[in-house]
Amino acid sequence: MAGPKTPTIYELDQPEKLQEVLKHDRPEDCTPCRVIGATAFMGLGAYTYYSGHSQLKAQQAKILASKTIFGIKSRQAGITSIALSLAGLGFYRLVN
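Keep in mind that this is a model prediction, so the values were computed, not measured.

Draft legend 1. Up close: the side chain of His 53. Position of His 53 relative to the elements: it lies in helix α3 (residues 31-58). The exposure class assigned to His 53 is buried, which follows from its relative accessible area of 15%. Setting aside its immediate chain neighbours within four residues, His 53 contacts Gln 76, Ile 79 and Thr 80.

Draft legend 2. Region of the structure containing the pattern of salt bridges. Scanning the entire structure with this criterion turns up two salt bridges. Notably, a salt bridge pairs Glu 11 with Lys 5, separated by 3.3 Å at the nearest N-O pair. Among the residues examined, Glu 11 registers a relative accessible area of 40% and is labelled partly exposed. Owing to a relative accessible area of 66%, Lys 5 belongs among the exposed residues under this scheme. Note that Arg 93 and Asp 29 form a salt bridge whose closest N and O atoms lie 2.5 Å from each other. Taken as a pair, Arg 93 in helix α5 (residues 72-95) and Asp 29 in the loop between α2 (18-25) and α3 lie far apart in primary sequence, 64 residues in all. Its relative accessible area of 30% is what places Asp 29 among the partly exposed residues.

Draft legend 3. Looking closely at the state of the cysteines. A full pass over the atoms with the stated rule returns one disulfide. What pairs with Cys 30 in a disulfide is Cys 33, and their sulfur atoms sit 2.5 Å apart. Classification of the bridge connecting Cys 30 and Cys 33 rests on its S-S torsion, roughly 55 degrees, and on that basis the disulfide is right-handed. The exposure class assigned to Cys 30 is partly exposed, which follows from its relative accessible area of 38%. Judged by relative accessible area, which is 37%, Cys 33 ranks as partly exposed.

Draft legend 4. Examining the packing of aromatic side chains more closely. In total, this model carries one aromatic pair according to the counting rule given. Considering the side-chain rings of Tyr 49 and Tyr 50, the 5.3 Å spacing of their centres and the 85 degrees angle between planes classify their relative orientation as edge-to-face.

Reading the values: the criteria
Within each chain, residues carry numbers counting from 1 in the order of the written sequence. At least 70 in pLDDT is required for a residue's local features to be given in this predicted model, at least 80 for side-chain atom pairs to be given and counted, and no such filter applies to totals for whole chains, interfaces and linings, which use all residues. To get the side-chain values, take all heavy atoms of the structure and skip hydrogens and water. Numbering of helices and strands runs from the N terminus; a helix is a DSSP stretch of H or I covering at least four residues, while a strand is a stretch of E covering at least two. Exposure categories follow from relative accessible area, calculated using a 1.4 Å probe and restricted to protein chains: below 20% of the type maximum is buried, above 50% is exposed, and the middle band is partly exposed. Contact criterion: two residues are considered in contact whenever any of their non-hydrogen atoms come within 4.5 Å of each other. Basic side-chain nitrogens of Lys or Arg form a salt bridge, by our definition, when they fall within 4 Å of a carboxyl oxygen of Asp or Glu. Disulfide: a pair of cysteine sulfur atoms within 2.5 Å of each other. Two rings belonging to Phe, Tyr or Trp (six-membered ring only in the last case) form a pair when the distance between their centres is within 6.5 Å. Interplanar angles under 30 degrees mark stacking, angles over 60 mark edge-to-face geometry, and anything in between is tilted.

Printed below as a string of C-alpha cells:
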C-alpha cells in the first residue's frame with residue numbers, strides 16, 4: 001500500500017499558483033452575516049436617497065438664492081450616486 005507521494009525538490013522549489021493561494025485564503029462567511037450586511041448597506045442607501053432629496057427640497061430656495069456653482073441638479077446627482085453606491089455595496093456583500 002502506497003502512502004502519500006513525497007514531492008520532489010523541483011516541485012517544492014516552484015511558487016504556488018496565485019489563484020490556488022487566493023482560493024485557500026478566502027475567509028468563510030456565514031449566510032446570515034451576508035444577509036445582515038447586505039440589508040444594512042441597502043437600507044443605508046435608501047435612507048441616504050430619501051433623506052437627502054427631502055432635505056434638498058426643504059433647502060431649495062436657499063440653494064437657488066445663494067447663486068452657487070453647484071445647483072439643485074448636481075446635488076441631486078451627488079446624493080443619488082452615493083445612494084446607488086451604497087446599494088451596490090449591499091448587493092456585492094450579498095453575492096460575494
